[in-house]
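Working through the structure, step by step
Spelled out, the chains give:
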Amino acid sequence: MTGTIAVLGLGEAGSALARDLVTAGAVVRGYDPAVPIAEGVVSTSSEAEAARGADLVLSVNSASAALYALEAGLAGLPDGAVWADLNTASPGTKRQLAAHAAGRGIPFADVAIMAPVPGRGLRVPMLASGPAADTVAALLNPLGAAVGTLPGEAGLAAERKLLRSVFFKGMSAAVVEALRAARAAGCEDWLREVVVAELTAADASTVDRLVGGSYRHAVRRTAEMAAAAEMLGELGVPADVAAAARDQLRRLAQDG
């Protein structure tokens, strides 16, 4: 059974998911006040209308709009339908949404999208937690999705996603800042090769080296990153990451 799925929010991610769901044979009802409806998606005029008759609602708008979308959509949600929030929000926000849904008797799942959707669409890795996590996986995976589940409350999937984001987006910020500085210093190609070589050679021991070295050499590295932040200032590049690293190392040194 393919069922009927409502998609609220038809931006880059929502539209890609909606298109693939249509291709997989699902009836897809969509709503977005600002984005044209993708081909094959049933156009609706509100969250409640989109939810009407749906077996599953995918809220794919934004963290700031997640609670409003839930409140607005519940008016049209039929008995037994499941609400899945795919927005990138804090675990606390996901728990708030789950409590709101539970108060209305609505099965809820916190679904974290774990990689960029463009190029993957419905095949993007997703992780679900909360009361309806298994139901969401059972509804979407036969259509070609890749939804894994975590036992436990809503918010756990969001927690895993955001912990990964601290690492990956933090690393991305460091690379962007370092290459901007290297460009200003006239050696961007050299530094790019250094970055590629380090990432290519990384293995399990790399994490131990990074963490252990930060604790063991915190005093020396504090001075090193202070000099690096000063250099970036001389190059006219904001030292956002370098200054944050300096401050973190200083705290590690103070904590002993």
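An account of the accompanying structure is given in this report. Computed from a predicted model, the values in this text were never measured in an experiment.

Now for a nonpolar patch on the surface. Together, V207, L210, V211 and Y215 make up a nonpolar patch on the protein surface, roughly 410 Å² of accessible area in all. Within the element layout of this structure, V211 appears in helix α8 (residues 204–216).

The next point concerns the pairing of strand β5 (residues 82–85). Residues V82 and A84 point to one face of β5 and W83 and D85 to the other, with burial holding for every one of them. Bridge count for strand β4 (residues 56–59) against β5 is four bridges, and the pairing is parallel. Note that in β5 the partner of S59 across the bridge is D85. Crossover handedness for the path β4 to helix α3 (residues 63–74) to β5: right-handed. Here three bridges tie β5 to strand β6 (residues 108–113), and the two strands are oriented parallel to one another. Counterpart to W83 in the pairing with β6 is F108.

Take the nonpolar core next. Among the nonpolar cores identified, the biggest contains 34 residues, and I5, V7, L21, L58, L86 and L140 are the most heavily contacted of them. Secondary structure elements with two or more residues in this core: β1 (4–8), α1 (12–23), β4, β5, β6, β7 (125–129) and α5 (133–140). If we ignore the near neighbours within four places in the chain, the residues touching I5 are L21, A26, V27, V28, R29, L56, L58, L140 and L143. The next biggest cluster of nonpolar side chains, apart from the first, holds 20 residues, and it includes L70, L74, A81 and I106.

Throughout the structure, instances matching the rule amount to eight salt bridges. Its salt-bridge partner being E224, residue R220 comes within 3.6 Å of it at the nearest N-O pair. Of this pair, R220 and E224 both sit in helix α9 (residues 218–235), separated by four residues, roughly a single helical turn. On the basis of relative accessible area, E224 is assigned to the partly exposed category, the value being 44%. Between D247 and R246 there is a salt bridge, with the nearest N and O atoms lying 2.9 Å from each other. Overall, the relative accessible area of 22% leaves R246 in the partly exposed class.

Bringing the environment of T88 into the picture now. Mapping T88 onto the fold places it in the loop between β5 and α4 (91–103). Residues T88 and A112 lie 24 residues apart in sequence; the distance between their C-alpha atoms is 7.0 Å. Aside from chain neighbours lying at most four places away, what touches T88 is A63, K161 and L162.

On to the packing of helix α6 (residues 156–185) against helix α10 (residues 240–255). Packing of α6 against α10 leaves a shortest axis separation of 8 Å and a crossing angle of 120°. One way to sum up the angle between α6 and α10 is to call them oblique. Together, A173, A174 and E177 of α6 and D240, V241 and A242 of α10 make up the contact between the two elements. Here the residues of the contact of α6 with α10 sort into four nonpolar, no polar and two charged.

Definitions and cut-offs
- Residues numbered from 1 in each chain as written.
- Predicted model: local features only at pLDDT ≥ 70, side-chain atom pairs only at ≥ 80, totals over all residues.
- Heavy atoms only, no water.
- Patch = residues over 30% accessible without salt bridge, like charges linked within 9 Å, V, L, I, M, F, W, Y side chains within 5 Å.
- Areas by Shrake-Rupley, 256 points an atom, 1.4 Å probe, with all protein chains shown as cover.
- Salt bridge = Lys/Arg side-chain N within 4 Å of Asp/Glu carboxyl O.
- Helix = DSSP H or I, 4+ residues; strand = E, 2+ residues; numbered from the N terminus.
- Buried < 20%, exposed > 50% of the residue type's maximum accessible area, 1.4 Å probe, protein only.
- Pairing = 2+ DSSP bridges.
- Right-handed = clockwise from strand over helix to strand, strands pointing away.
- Core = buried A, V, L, I, M, F, W, Y, C linked by side-chain atoms within 4.5 Å.
- Contact = heavy atoms within 4.5 Å.
- Axes fitted to C-alpha atoms, helices over the stretch in contact; angles between N-to-C directions.
- Parallel < 35°, antiparallel > 145°, perpendicular 65-115°, else oblique.
- Nonpolar A, V, L, I, M, F, W, Y, C, P; charged D, E, K, R; others polar.

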